[in-house]
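Residue strings, one per chain:
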Amino acid sequence: MKLRFIECYIPKHLFVGIDEIKKWDGVVWADVKTNNSISTIQILTTLKDSEKIVDKLKEEFGGANYRIVVFEPTMTYPPIEEKEDKEPERLIREELYNVVADIAKLNKDNIMMLLLSTIVAIAGIYKNDVVLLIASMIIAPLLSPHIALALSITVADYKLALKSIKTIVVELLIVIVISAIAGHYLPINLENPQIHSRITLDLWNVIIALSAGIAGSLSTITNISSSVVGVMIAIALLPPLVVFGLLIGAGYVGYSFSAFILFLINMIAINLSAVAIFSSYGVSPYKWWEKEKAKKYTIYAIILWLSLLVFVFVLIFTR
């Protein structure tokens, strides 16, 4: 069972007593400390209940000069008796936002990692070296902005959506341009297994992409860090995009579209799965007047991604 330790700093004169807070649903333990003009409310809870407690604190003290800080304890004693509950466990809305907003930024570090991963992927494909190819997928920062885009839809945050789309477009252009330049100078062979496997498409590509997209979304929302590497390898956004650029640069324009379709399948699957998972786990805005707007955006996004997936599916079997 995952825990959260919440501290809320408020002006001393606003504190009404700890007994009422102890009665809140989900509170395992609560205390208060007062220092000069500030009262610090301390609450121990489970990850599953932490968001509603944070929202309750916002509701009670949101009009004041307050600050909420959330920690992740590694243990507590005496142990907490775990209750049977079918409600899924996920990160707090703000935790999710902080995670994806930081990793979706278009900064120098991400660009450098993308450049390096693209070069490694080109080498892995050209030399038919699976180890190099896996290494490139691990360090490539292509997954993060897609997860951020999905989150922006479910919480109705257009600023995060614009930031994510900008990052996605720039990163795609960087990968394609570098790969096209390399393809122009390298002797590209269509019989290369790493190239051939990405221009030969079937139904399994769709099934694998959807499965990997769901796994990627779950690893983000539940913070299962041990699975992130496996998920990034499975989704494999980078290799098909690099193959597309290599074939464009080498003059195999007709064959390049198959690689690009494979990339589209993976990209659509990530976004569709992420929006669906975030929505099913109850990720939504805090403000009530934004919840309905977010629901509409979520429905529109799912319809859009499903339509695109069907379109790509038709392309596979009509080529």
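Up top is the structure.
This section reports on the structure supplied with the text. (Residues numbered from 1 in each chain as written. Predicted model: local features only at pLDDT ≥ 70, side-chain atom pairs only at ≥ 80, totals over all residues. Heavy atoms only, no water.)

## Digging into the overall build of the protein
Line of reasoning, step 1. A tally of helices and strands in the protein yields 13 helices and four strands.
Line of reasoning, step 2. Seen through its C-alpha atoms, the protein measures out along the principal axes to roughly 75 × 35 × 35 Å.
Line of reasoning, step 3. By the burial criterion, 46% of the 319 residues in the protein qualify as buried.
Line of reasoning, step 4. Within the protein, counting contacts between residues at least 6 apart in sequence, those at least 24 apart form 78% of the total.
Line of reasoning, step 5. Accessible area of the protein: about 16500 Å², with a carbon and sulfur share of 63%. (Helix = DSSP H or I, 4+ residues; strand = E, 2+ residues; numbered from the N terminus. Buried < 20%, exposed > 50% of the residue type's maximum accessible area, 1.4 Å probe, protein only. Contact = heavy atoms within 4.5 Å. Areas by Shrake-Rupley, 256 points an atom, 1.4 Å probe, with all protein chains shown as cover.)

## Let's talk about the pairing of strand S2 (residues 27–35)
Strand residues, when the strand is regular, have side chains that alternate between the two faces of the sheet.
Line of reasoning, step 1. One ladder, built from eight bridges, connects S2 with strand S3 (residues 38–46); its direction is antiparallel. Across the sheet, residue Val32 finds its bridge partner in S3, namely Ile41.
Line of reasoning, step 2. Linking two consecutive strands that pair antiparallel, namely S2 and S3, is a turn of two residues; a positive phi of about 55° is found at Asn36 within it. (Pairing = 2+ DSSP bridges.)

## Some points on the packing of aromatic side chains
Here a ring pair, both rings aromatic, is described through the centre-centre distance and the interplanar angle of the planes.
Line of reasoning, step 1. Considering all chains together, one arrives at five aromatic pairs under this definition.
Line of reasoning, step 2. An aromatic cluster of three or more residues is present, and its members are Phe5, Trp29 and Phe71.
Line of reasoning, step 3. The ring of Tyr286 is capped by Lys58, whose NZ or CZ atom sits 4.7 Å from the centre of that ring. (Phe/Tyr/Trp six-rings, centres within 6.5 Å; stacked < 30°, edge-to-face > 60°. Lys NZ or Arg CZ within 6 Å of the ring centre and 35° of its normal.)

## A look at a nonpolar patch on the surface
Line of reasoning, step 1. The grouping of Leu203, Trp204, Ile207, Ile208, Val310, Phe313, Val314 and Phe317 at the surface amounts to a nonpolar patch, some 760 Å² of accessible area in total.
Line of reasoning, step 2. Those elements that provide at least two residues to the nonpolar patch are helix H9 (203–221) and helix H13 (288–318).
Line of reasoning, step 3. In this structure, Val310 sits in helix H13. (Patch = residues over 30% accessible without salt bridge, like charges linked within 9 Å, V, L, I, M, F, W, Y side chains within 5 Å. Salt bridge = Lys/Arg side-chain N within 4 Å of Asp/Glu carboxyl O.)

## Quick look at the sheet that holds strand S1 (residues 3–11)
Line of reasoning, step 1. Judged by pairing direction, the sheet is antiparallel, and its four strands sit side by side in the order S2-S3-S1-S4 without closing on themselves. Only two strands of the sheet have a single neighbouring strand rather than two, namely S2 and strand S4 (67–71). If you compare each strand with its neighbour and ignore which way they point, the axes differ by 15° on average.
Line of reasoning, step 2. Across the sheet, helix H2 (residues 47–61) lies against S1, S2, S3 and S4, angled at about 155° from S3, the strand it touches most. (Axes fitted to C-alpha atoms, helices over the stretch in contact; angles between N-to-C directions.)

## Some thoughts on the environment of Glu59
Line of reasoning, step 1. For Glu59, the position within the fold is in helix H2.
Line of reasoning, step 2. The exposed category is assigned to Glu59, whose relative accessible area is 56%.
Line of reasoning, step 3. In this structure, the C-alpha to C-alpha distance between Glu59 and Ser273, residues 214 residues apart in sequence, is 32 Å.

## A short note on the pairing of S1
Line of reasoning, step 1. Buried residues dominate S1, accounting for seven of its nine residues.
Line of reasoning, step 2. Pairing of S1 with S4 involves five bridges; the strand directions are antiparallel. Paired with Cys8 across the strands is Ile68, a residue of S4.

## Structural notes on the pattern of salt bridges
Line of reasoning, step 1. What the rule picks out here adds up to 13 salt bridges.
Line of reasoning, step 2. Note that Arg93 is salt-bridged to Glu94, the shortest N-O span being 3.1 Å.
Line of reasoning, step 3. Salt bridges sharing common partners tie together Glu51, Asp55, Lys58, Arg90, Arg93 and Glu94.

## As for helix H12 (residues 253–280)
Line of reasoning, step 1. In this model H12 runs 40 Å from its N-terminal to its C-terminal C-alpha over 28 residues, within 8% of the 40 Å that 1.5 Å per residue would give.
Line of reasoning, step 2. Looking one or two residues beyond H12, the residue adopting positive phi is Gly282, at roughly 80°. (Expected span 1.5 Å × (residues − 1).)

## Side note on the nonpolar core
Line of reasoning, step 1. Residues Leu151, Ile195, Val242 and Phe278 are the most contacted members of the largest nonpolar core, which totals 66 residues.
Line of reasoning, step 2. With 14 residues, H12 is the single largest residue contributor to this core.
Line of reasoning, step 3. If we skip the residues at most four places from it in the chain, Phe278 touches Ile147, Ala150, Leu151, Thr154, Ser217, Ile221 and Val283.
Line of reasoning, step 4. Formed by 15 residues, the second largest nonpolar core is a distinct cluster that contains Ile10, Ile18, Ile43 and Phe61. (Core = buried A, V, L, I, M, F, W, Y, C linked by side-chain atoms within 4.5 Å.)

## Quick look at unusual backbone geometry
Line of reasoning, step 1. A cis geometry characterises the amide bond from Tyr77 onward to Pro78, with omega recorded as 0°.
Line of reasoning, step 2. Take Pro78: it is sitting in the loop between S4 and helix H3 (93–103).
Line of reasoning, step 3. One non-glycine residue, Asn128, adopts positive backbone phi at about 55°.
Line of reasoning, step 4. Note on placement: Asn128 falls in the loop between helix H4 (108–126) and helix H5 (130–139).
Line of reasoning, step 5. One non-glycine residue, Ala156, lies in positive phi territory at about 55°.
Line of reasoning, step 6. Considering the arrangement of structural elements, one finds Ala156 in the loop between helix H6 (143–154) and helix H7 (158–185).
Line of reasoning, step 7. For Ala156, a relative accessible area of 12% corresponds to the buried category.

## Overview of the packing of H9 against H13
Angle between the axes and distance between the axes are the two parameters that describe a pair of packed helices.
Line of reasoning, step 1. Running from N to C, H9 and H13 point in directions that differ by 150°, and their axes come no closer than 10 Å. Relative to H13, the element H9 is oriented roughly antiparallel. Seen from H9, the contacting residues are Leu203, Val206 and Leu210; seen from H13, they are Leu309, Phe313, Ile316 and Phe317.
Line of reasoning, step 2. Grouping the constituent residues of the contact of H9 with H13 by class yields seven nonpolar, no polar and no charged. (Parallel < 35°, antiparallel > 145°, perpendicular 65-115°, else oblique. Nonpolar A, V, L, I, M, F, W, Y, C, P; charged D, E, K, R; others polar.)

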